[in-house]
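Remarks on the overall topology
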Amino acid sequence: KQEVTQIPAALSVPEGENLVLNCSFTDSAIYNLQWFRQDPGKGLTSLLLIQSSQREQTSGRLNASLDKSSGRSTLYIAASQPGDSATYLCAPDFSGTYKYIFGTGTRLKVLA
Amino acid sequence: DVKVTQSSRYLVKRTGEKVFLECVQDMDHENMFWYRQDPGLGLRLIYFSYDVKMKEKGDIPEGYSVSREKKERFSLILESASTNQTSMYLCASSFLGGANTEAFFGQGTRLTVV
């Protein structure tokens, strides 16, 4: 069974810090991987999609990398802000059918 | 902007009722999905659909059915609601293939079954 693990489960940092969120998965044969953000009680907002042929994607202060051989992806957030406080979820597509498998997320709190 | 709209943000239903959760997307996406989200369990796939009138079971389909009569609309049906179906329900859509298979989610429906 494919599994997705996100470490740490929770993180609290002061404003301005650069931080890294980790995602590991058991099956290296993924087709793509998506990072999402979820605010409390809300739906998911897509942040970045990395295709299997790519090693990283960037959007503003966010950079996501993908290492299929080691079964890992990281989300790098530069110069964190209180507005970045949310739960971050990674979701690989293992089968190429666009059925994403979700980790349980990292709950981030950025302190002003 | 891509928009995935779920018909209700909050619902309270009684045990045994038949419940319909509606989802509409405006991006002409082929794929549509229903997930439920529970604390400590994350998001789990209930059903998905690649095309009109087509459906496939996800990881936890028991107690649910779906309907997709039009491309833009995907309905989740709880045939006889039970308290263990109290949860946050999330609908998503995406293109079937090509370079951009990014999934987009609705705002969620928090269902409470009493």
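A short tour of the structure in this document, coming up. (Residues numbered from 1 in each chain as written. Chains lettered and ligands numbered in written order. Predicted model: local features only at pLDDT ≥ 70, side-chain atom pairs only at ≥ 80, totals over all residues. Heavy atoms only, no water.)

All right, on to the overall build of chain A then. When its secondary structure is counted, chain A shows 0 helices and 10 strands. Expected size for 112 residues packed as a compact globule is a radius of gyration near 13 Å; at 13 Å, chain A falls within 12% of this value. In terms of overall dimensions, chain A has C-alpha extents of about 40 × 25 × 20 Å along its principal axes. In chain A, buried positions account for 46% of the 112 residues. Accessible area for chain A stands at about 5,200 Å²; split by element, carbon and sulfur atoms hold 47% of it. Taking the 10 positively charged and 9 negatively charged side chains of chain A as two groups, their mean positions are separated by 4 Å. (Helix = DSSP H or I, 4+ residues; strand = E, 2+ residues; numbered from the N terminus. Rg over C-alpha atoms; globule rule 2.2 N^0.38 Å. Buried < 20%, exposed > 50% of the residue type's maximum accessible area, 1.4 Å probe, protein only. Areas by Shrake-Rupley, 256 points an atom, 1.4 Å probe, with all protein chains shown as cover. Lys, Arg positive; Asp, Glu negative; His and termini not counted. Charge placed at Lys NZ, Arg CZ, Asp CG, Glu CD.)

Let's shift gears to the sheet that holds strand S3 (residues 19–25) of chain A. Residues and elements named next belong to chain A. Pairing in this open sheet of 5 strands is antiparallel, and the strands run S1-S3-S8-S7-S6 from one edge to the other. For this open sheet the edge positions go to strand S1 (4–7) and strand S6 (56–59), each flanked by a neighbour on one side alone. Mean inter-strand twist for the sheet, computed between neighbouring axes without regard to direction, equals 15°. Strand direction decides the pairing type here: S3 and strand S8 (residues 72–77), joined by 6 bridges, are antiparallel. Across the sheet, the residue bridging to Cys23 is Ser73, located in S8. (Pairing = 2+ DSSP bridges. Axes fitted to C-alpha atoms, helices over the stretch in contact; angles between N-to-C directions.)

A few words now on the state of the cysteines. In protein structure, a disulfide is the covalent linkage between the sulfur atoms of two cysteines. All names here are of chain A. Going through the model one piece at a time under the given rule, you end up with 2 disulfides over all chains. In this model, Cys23 is linked to Cys90 through a disulfide, with the two sulfur atoms separated by 1.9 Å. Between Cys23 and Cys90 the sulfur-sulfur dihedral comes to about 60°; the bridge is accordingly right-handed. Taken as a pair, Cys23 in strand S3 and Cys90 in strand S9 (residues 86–93) lie far apart in primary sequence, 67 residues in all. (Disulfide = S-S within 2.5 Å.)

Take the interface of chain A and chain B next. Facing 18 residues of chain A, the contacting portion of chain B comprises 26 residues. Counting the surface chain A buries against chain B, the share from its top three residues, Tyr98, Lys99 and Phe102 of chain A, is 32%. Linking chain A with chain B are 6 residue pairs in polar contact (both at pLDDT 80 or more), by the criterion used here. Contributions of two or more residues to the side of chain A that touches chain B are made by strand S4 (32–38) and strand S5 (44–51) of chain A. (Contact = heavy atoms within 4.5 Å. Buried area = accessible area lost by both parts, 1.4 Å probe. Polar contact = N/O pair within 3.5 Å; in protein donor to acceptor, adjacent residues only side chain to side chain.)

Take the environment of Leu90 of chain B next. Residues and elements named next belong to chain B. With respect to the element layout, Leu90 can be found in strand S9 (residues 87–94). Here Leu90 falls in the buried class, since its relative accessible area comes to 0%. In this structure, the C-alpha to C-alpha distance between Leu90 and Lys57, residues 33 residues apart in sequence, is 16 Å.

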